[in-house]
Amino acid sequence: MSSLRFAVIIPAYNEESHVGDIVKKALEYTRTVIVVDDGSSDKTSRTADNSGAIVVRHSVNLGKGAALKTGCELAFSLGAEKIIFMDADGQHNAKNISKFIELLEKYDVVIGYRSLNFKMPLVFRLGNWMMATATRFLYNIDLKDTQCGFRAFNKRVYKKISWESLDYSVESEIIANIGKHNLKYTAVPIETIYKDNYKGTTIFDGMMILANMVKWKLIR
Amino acid sequence: MVLSGVQIIGILFGLFLLYLAFIHQKRKEFTMKEWIAWSGLAIIFIIFAVFPQILDPITVRLKFFRTLDLMVILGFMFMIVAIFFTYTLSRRNQKNIETIIRSEAIRETLKSIKKR
């Protein structure tokens with residue numbers, strides 16, 4: 001399965017040990033894998049480049065939201081019609097890409113969900129439960145996992161879901177925008193491998209995300 | 001005239017503000033107008049700290065119990081305005097930096113793709 005119609009975007013910050021592997025696996029499903037090196041101080045850019053990705057590099061660290069936006073703008077300028085986001089820490093299985101592409105024929109946005117089992121660190125499980133409850137309450141969107149970075153969307157809805165967040169709030173902002181514009185979305189189960197319990201969203205990030213969710217509800 | 005502890009703290013704060021304004025002017029980080037404005041503010045603060053009775057007409061009219069209460073309220077108002085301006089300025093700078101870095105990154109990548 002190889003297509004020019006969709007691009008996989010991987011935001012990466014100091015992920016030299018995982019990024020090469022995930023790029024190689026993603027390249028089995030698409031010809032366009034874009035790694036956005038968000039100002040890493042290690043060899044993330046070189047590793048991704050050697051693995052066959054198109055690398056776009058921020059000269060300073062801006063955050064995940066900013067990296068995803070850069071990736072999207074580059075992908076669209078290269079002609080992509082569908083976008084898939086994956087995390088660079090290797091927790092997502094590239095085999096699931098096919099599922100996302102298939103579902104994008106019917107839906108505007110496809111969001112992955114990780115099973116909230118005991119493999120998921122306790123802090124993440126609690127955080128996910130809180131975010132899901134807040135999302136249901138504030139936006140009337142029922143998702144098991146609101147913070148999963150494995151998601152896909154069609155180019156035509158990019159302007160509607162486009163985000164202002166530079167940080168980890170991006171995932172919640174996209175969901176808020178889906179609710180605001182009544183876009184067709186679905187959730188798909190994905191396999192997850194936790195390689196690093198200390199990277200990703202922290203408790204403080206979680207609190208900021210919750211505060212932002214309330215802000216978007218009140219201001220928009 | 002015996003100065004109270006609060007007055008001494010006020011004077012020291014005003015002098016510190018004067019010193020900061022002077023340093024920034026010497027480093028050419030402030031224009032002459034900025035230096036005069038910040039030094040003026042510091043001098044006014046020192047005058048109010050030494051002679052708080054100058055503010056009595058306002059304190060009485062606004063029914064404040066003490067001049068210090070008026071100063072605390074004014075201080076809070078000033079702080080909120082300062083935070084608001086700092087917030088809007090940092091947001092604007094953040095957006096500008098994001099735009100510059102993104103457009104530079106994409107330009108460089110497209111250039112290297114064309115070279116291949």
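Residues numbered from 1 in each chain as written. Chains lettered and ligands numbered in written order. Predicted model: local features only at pLDDT ≥ 70, side-chain atom pairs only at ≥ 80, totals over all residues.

A tally of regular secondary structure across chain B gives four helices and zero strands. For chain B, the succession of helices and strands along the chain, N to C, is α-α-α-α. On C-alpha atoms alone, chain B measures out to a radius of gyration of 23 Å, which is more than a quarter above the 13 Å that the 2.2 N^0.38 rule sets for 116 residues. Across its three principal directions, the C-alpha atoms of chain B cover 80 × 35 × 25 Å. For chain B, buried positions account for 9% of its 116 residues. Long-range contacts, defined here as pairs at least 24 residues apart, represent 46% of the contacts in chain B between residues at least 6 apart. (Helix = DSSP H or I, 4+ residues; strand = E, 2+ residues; numbered from the N terminus. Rg over C-alpha atoms; globule rule 2.2 N^0.38 Å. Buried ≥ 20, exposed ≤ 12 C-beta atoms within 10 Å, placed from the backbone. Contact = placed C-beta atoms within 7 Å.)

What follows concerns the sheet that holds strand 5 (residues 109-114) of chain A. All names here are of chain A. One open sheet holds the seven strands; their spatial order is 3-2-1-4-6-5-7, and the pairing between them is mixed. What marks the edges here is a single partner per strand, and that holds for strand 3 (54-58) and strand 7 (185-190). Ignoring strand direction, the axes of neighbouring strands in this sheet form an average angle of 20 degrees. Against the sheet, helix 1 (residues 19-26) touches strand 1 (6-12) and strand 2 (32-38), its axis set at about 175 degrees to strand 1. (Pairing = 2+ DSSP bridges. Axes fitted to C-alpha atoms, helices over the stretch in contact; angles between N-to-C directions.)

Right, let's get into the domain arrangement of chain B. When its domains are assigned, chain B resolves into domain 1 (1-50) and domain 2 (65-116). The C-alpha centroid of domain 2 of chain B is placed 26 Å from the C-alpha centroid of domain 1 of chain B. (Domains from an automatic or database assignment.)

All names here are of chain A. By the criterion of burial, strand 2 is predominantly enclosed, with seven of the seven residues buried. What you see with strand 2 is no split at all: Thr32, Ile34, Val36 and Asp38 on one side and Val33, Val35 and Asp37 on the other are buried throughout. Considered for its hand, the β-α-β crossover made up of strand 1, helix 1 and strand 2 is right-handed. Taken together, the five bridges between strand 2 and strand 3 define a ladder with parallel strand orientation. For Asp38, the partnering residue across the bridge sits in strand 3 and is His58. (Right-handed = clockwise from strand over helix to strand, strands pointing away.)

So, on to the pairing of strand 6 (residues 151-154) of chain A. Residue and element names in this part refer to chain A. Relative to strand 6, strand 4 (residues 82-85) runs antiparallel, the two sharing four bridges. Bridge assignment links Ile83 to a residue of strand 6, and that residue is Phe153. Taken together, the three bridges between strand 5 and strand 6 define a ladder with antiparallel strand orientation. Bridge pairing in strand 6 links Val109 to Phe153.

Turning our eyes to something else, we now look at the interface of chain A and chain B. Each side of the interface is counted separately: chain A has 14 residues, and chain B has eight residues. At the level of secondary structure, the elements contributing two or more residues to the side of chain A that touches chain B comprise strand 3 and helix 3 (64-77) of chain A. Grouping the constituent residues of the side of chain A that touches chain B by class yields eight nonpolar, three polar and three charged. (Nonpolar A, V, L, I, M, F, W, Y, C, P; charged D, E, K, R; others polar.)

In this section: unusual backbone geometry. Backbone phi values are negative for most residues with the exception of glycine, while trans is the configuration of most peptide bonds. All names here are of chain B. At Lys28, a position not held by glycine, the phi torsion is positive, near 60 degrees. Topologically, Lys28 is positioned in the loop between helix 1 (5-26) and helix 2 (32-50). With a phi angle near 60 degrees, Lys63 is a residue other than glycine that sits in the positive phi range. One can find Lys63 in the loop between helix 3 (56-61) and helix 4 (67-115).

With that out of the way, let us pick up the confidence of the model for chain B. Reading fine detail from the predicted coordinates is not recommended where pLDDT is low. Residue and element names in this part refer to chain B. Overall, the prediction assigns chain B a mean pLDDT of 92, with 100% of residues at 70 or greater. Here helix 3 stands out as the element of chain B with the lowest mean pLDDT, 90, in contrast to helix 2, whose mean of 95 is the highest. Predicted as a complex, the structure gets a pTM of 0.80 and an ipTM equal to 0.78. (pLDDT = per-residue confidence, 0-100.)

Structural remark: α-helix, 3.6 residues per turn; residues separated by three or four positions point the same way. In a regular helix each residue adds 1.5 Å, so 49 residues correspond to 72 Å; helix 4 of chain B covers 71 Å between its end C-alpha atoms and thus fits that length. Taken residue by residue, helix 4 of chain B has Thr67, Glu98, Ile101, Arg102, Ala105 and Thr109 of chain B as its buried positions. (Expected span 1.5 Å × (residues − 1).)

Residue and element names in this part refer to chain A. A rise of 1.5 Å per residue sets the reference length of helix 3, with its 14 residues, at 20 Å; its end C-alpha atoms lie 20 Å apart and thus fit the reference within 8%. Counting buried residues along helix 3, 11 of its 14 residues qualify, which places the element largely inside the surrounding structure. Taken residue by residue, helix 3 has Lys64, Gly65, Ala66, Ala67, Leu68, Lys69, Thr70, Gly71, Cys72, Leu74 and Ala75 as its buried positions. Note on helix 3: the residue one or two positions beyond its end, Gly79, has a positive phi of about 100 degrees.

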